[in-house]
Amino acid sequence: MAAVRLRGSRVAPETLQAHDRHRPWVILPVFAVLLLYCWCYTHLAAWLGVPTPSAVFQTLGVAGTDILDRDGNIDAKLYVSNTAIFGNDDERLLVFAGLFACFVCVYFAPLRHKQWAIVGWFVPLFAVLYGVQATGMLLAAHLAIWLAFHPTARRSAWVAGGWKALVAALATADSGPWVTTFAAITGAAGGGWGYRALIPTIARGGAVVAFVRTCLIQACMLIVVVAAVREGLTGQTWALPVGLVFFCFQWARLMVYHADYKDGEVPRDLALGDYLAVFLTPVAIPNMAYAPYLGQGYTYLQERRLAVDKSALVLSGVGLWCLALVYMVFAEHVTARFIAFMREACGIEVYAFTSQMVRAHLRGTELSTPTVLLSTLVDQARIFLIYGGVTHFRVGAWRVLGYRMETQYDRPWLATNLAALWSRFAFHFREFLVRVFYYPVFFAWFKRRPMLRIFVATMVATVIGNLIWGHVPPRAITDLRWSALTTILSTWPYFVLLGLGISLTQVWLLRRPRTRRPWTRDRRIVLDVVCAYLTIQFFALIHVFIRPQDGGSLWAYTRLFLRGFGIHLEQ
């Protein structure tokens, strides 16, 4: 099938040059905001002898366990996972310092060197936080992808030799320095020569080459399935090295990259630095499991690289960082105060987490309809504030590094139907599902039946793609057990209900086009308010199916779901 281009155009070279004008003063707001983050989330205040977050919040009268952690800093929503080389506060300090250094280098570097500046700061920062061996594994995994997809790129044979040397060194790391050195040297020589002989075959493609490329892209899913089945049969659990864990958390972006490549939007001779800059950026280090699909693929980033003046991008990123800090600092405090108000003033029991409410339901606690509705809403509000804060920080970092990237959340409370909510609540995740699952089905099936075409493509993306490729990897990568895999798959009712809601909404809007824009200030704005509430409430309520607990069953979750509609069924 011919490539179908539904996105924007890439920025012209002369436009890139025009947008790359230096304004050195923009360094100051970046430094100031990152310094504020250091004050909130590290021990910098104690080291400098200035008032700590604990002292300031106690003076303001808002100190509490829902804002401050045990060491007197802000309860951290930003963290570096899967490493214990440093303490949490020191890890965050390293990330903030590395991000600032990367920003300065990228901002002032010539256009042709900006990509390497991003990679050049990621590699040492990742090595300090995770170790040299983990960094080597991550690089080896991405070099394998680049060599499989871009054999005609410059110096690919030399890179293949380096890749083979790296793999040989990692494999013999415990055998002593002489053995490791010998293995690396022989691997470099053999790898470069062997790859050079394979370049024509790889460049021609074919079924075998396509199969190998697909296996590399789907390495995360293959590892999850094989490891889970093995654990189910033998009881032996795999624990992935942290370098591969980080690589696997990029599964969604690799799939989008693959889709871009198949559509002819990725140059076959793409330079190594341009490839690595897509995936190896300091932005990806904090909260690697939070929205790992941010940034999508090669085409998306190329369309947004210096799409406007870089100083304006930097300032917009700084603004997002400020908003993110407000979200992350006060998220727990706001939700805790709302829960206390509902309990004390209204006499309604509200749970902070949907999972807590599900456990209470399974224990036989009688839950009222207001409790179910408000608890699910509070949980979604908490998720939005925390998850939105973290993703705003990461999107802000992308902007600071020169990419005009959309936020993950775009005022979801304004959505008056599920289709609109899906685009406002999880923009980058939706784009991943649309790019990889919706488009292939939409352009291949039911071409003469538009309603069925939209319905089926949406269901494939929101149910199959969302469940299998959207939620299995992030939950199973660090828990490679059969029970973990089956628990995730047991949440299928959530995805079916979500898919049906979005699909039927799209079909309805296609049959009954809107004649009025939502939130127009007229007498029907009250209907917008009602529709917005019903939309977010339904979305929150179906989450009872995606929070499975021990001893739960489909019938138990269904009874809890129906209780939100005021339907109380006996056990």
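Residues numbered from 1 in each chain as written. Predicted model: local features only at pLDDT ≥ 70, side-chain atom pairs only at ≥ 80, totals over all residues. Heavy atoms only, no water.

1. Details of the overall build of the protein
Okay, step 1: The number of helices and strands found in the protein is 25 helices and zero strands.
Okay, step 2: Since a compact globule built from 571 residues should have a radius of gyration of about 25 Å, the 25 Å found for the protein is in line with a globular shape.
Okay, step 3: With the C-alpha coordinates aligned to their principal axes, the bounding extent of the protein is approximately 75 × 70 × 55 Å.
Okay, step 4: The buried share among the 571 residues of the protein stands at 53%.
Okay, step 5: Across the protein, contacts joining residues at least 24 apart in sequence account for 74% of those joining residues at least 6 apart.
Okay, step 6: Carbon and sulfur atoms form 65% of the exposed surface of the protein, whose accessible area is close to 25700 Å².
Okay, step 7: Placing the 52 positive and 31 negative side-chain charges of the protein at their respective mean positions leaves the two points 10 Å apart. (Helix = DSSP H or I, 4+ residues; strand = E, 2+ residues; numbered from the N terminus. Rg over C-alpha atoms; globule rule 2.2 N^0.38 Å. Buried < 20%, exposed > 50% of the residue type's maximum accessible area, 1.4 Å probe, protein only. Contact = heavy atoms within 4.5 Å. Areas by Shrake-Rupley, 256 points an atom, 1.4 Å probe, with all protein chains shown as cover. Lys, Arg positive; Asp, Glu negative; His and termini not counted. Charge placed at Lys NZ, Arg CZ, Asp CG, Glu CD.)

2. Describing the layout of surface pockets
Okay, step 1: The computed volume of the largest pocket comes to approximately 910 Å³.
Okay, step 2: Residue lining of the largest pocket: 33 residues in total, with Ile 383, Tyr 387, His 471, Arg 475 and Arg 547 positioned closest to the centre.
Okay, step 3: Going through the elements one at a time, helix H17 (354-362), helix H18 (369-400), helix H19 (418-425), helix H21 (450-476) and helix H23 (492-511) are the ones with two or more residues in the lining of the largest pocket.
Okay, step 4: Ranked by residue count, the leading element in the lining of the largest pocket is H18, at six residues.
Okay, step 5: Within the lining of the largest pocket, the residues separate by chemical class into 19 nonpolar, eight polar and six charged.
Okay, step 6: In this structure, the second largest pocket spans a volume of roughly 480 Å³.
Okay, step 7: Looking at the second largest pocket, it is lined by 15 residues, and the ones nearest its centre are Trp 508, Leu 509, Arg 514, Arg 524 and Leu 527.
Okay, step 8: For the lining of the second largest pocket, a count of residues per class yields six nonpolar, four polar and five charged. (1 Å grid on protein atoms, 1.4 Å probe; cavity = no way out; pocket = protein on both sides within 12 Å on 5 of 7 lines; lining within 4 Å. Points joined across faces, edges and corners; volume = space filled by probe spheres on them. Nonpolar A, V, L, I, M, F, W, Y, C, P; charged D, E, K, R; others polar.)

3. Regarding the side chain of Ser 311
Okay, step 1: Following the sequence through the fold, Ser 311 ends up in helix H16 (residues 310-345).
Okay, step 2: At a separation of 2.7 Å, a polar atom in the side chain of Ser 311 contacts the side chain of Tyr 107.
Okay, step 3: Contacts of Ser 311, omitting those with residues within four sequence positions, involve Arg 21, Arg 23, Val 26 and Tyr 107. (Polar contact = N/O pair within 3.5 Å; in protein donor to acceptor, adjacent residues only side chain to side chain.)

4. Quick look at unusual backbone geometry
Okay, step 1: Phi at Ala 291 is positive, roughly 50°, even though this residue is not glycine.
Okay, step 2: Inspection of the secondary structure assignment puts Ala 291 in the loop between helix H14 (272-279) and helix H15 (298-304).
Okay, step 3: For Arg 411, which is not glycine, the phi torsion reads 45° and is therefore positive.
Okay, step 4: Counting through the fold element by element, Arg 411 comes out in the loop between H18 and H19.

5. Focus: the confidence of the model for the protein
Okay, step 1: Per-residue confidence for the protein gives a mean pLDDT of 89; residues scoring 70 or more make up 97%.
Okay, step 2: pLDDT under 50 marks residues 1-6. Its contacts with residues more than four places away, or in other chains, come to 10 contacts. (pLDDT = per-residue confidence, 0-100.)

6. As for the packing of aromatic side chains
Okay, step 1: By the definition in use, this model includes 40 aromatic pairs.
Okay, step 2: Over the ring of Tyr 107 we find Lys 310, and its NZ or CZ is 4.0 Å from the ring centre.
Okay, step 3: The ring centre of Phe 442 lies 4.0 Å from the NZ or CZ of Arg 453, which sits over that ring. (Phe/Tyr/Trp six-rings, centres within 6.5 Å; stacked < 30°, edge-to-face > 60°. Lys NZ or Arg CZ within 6 Å of the ring centre and 35° of its normal.)

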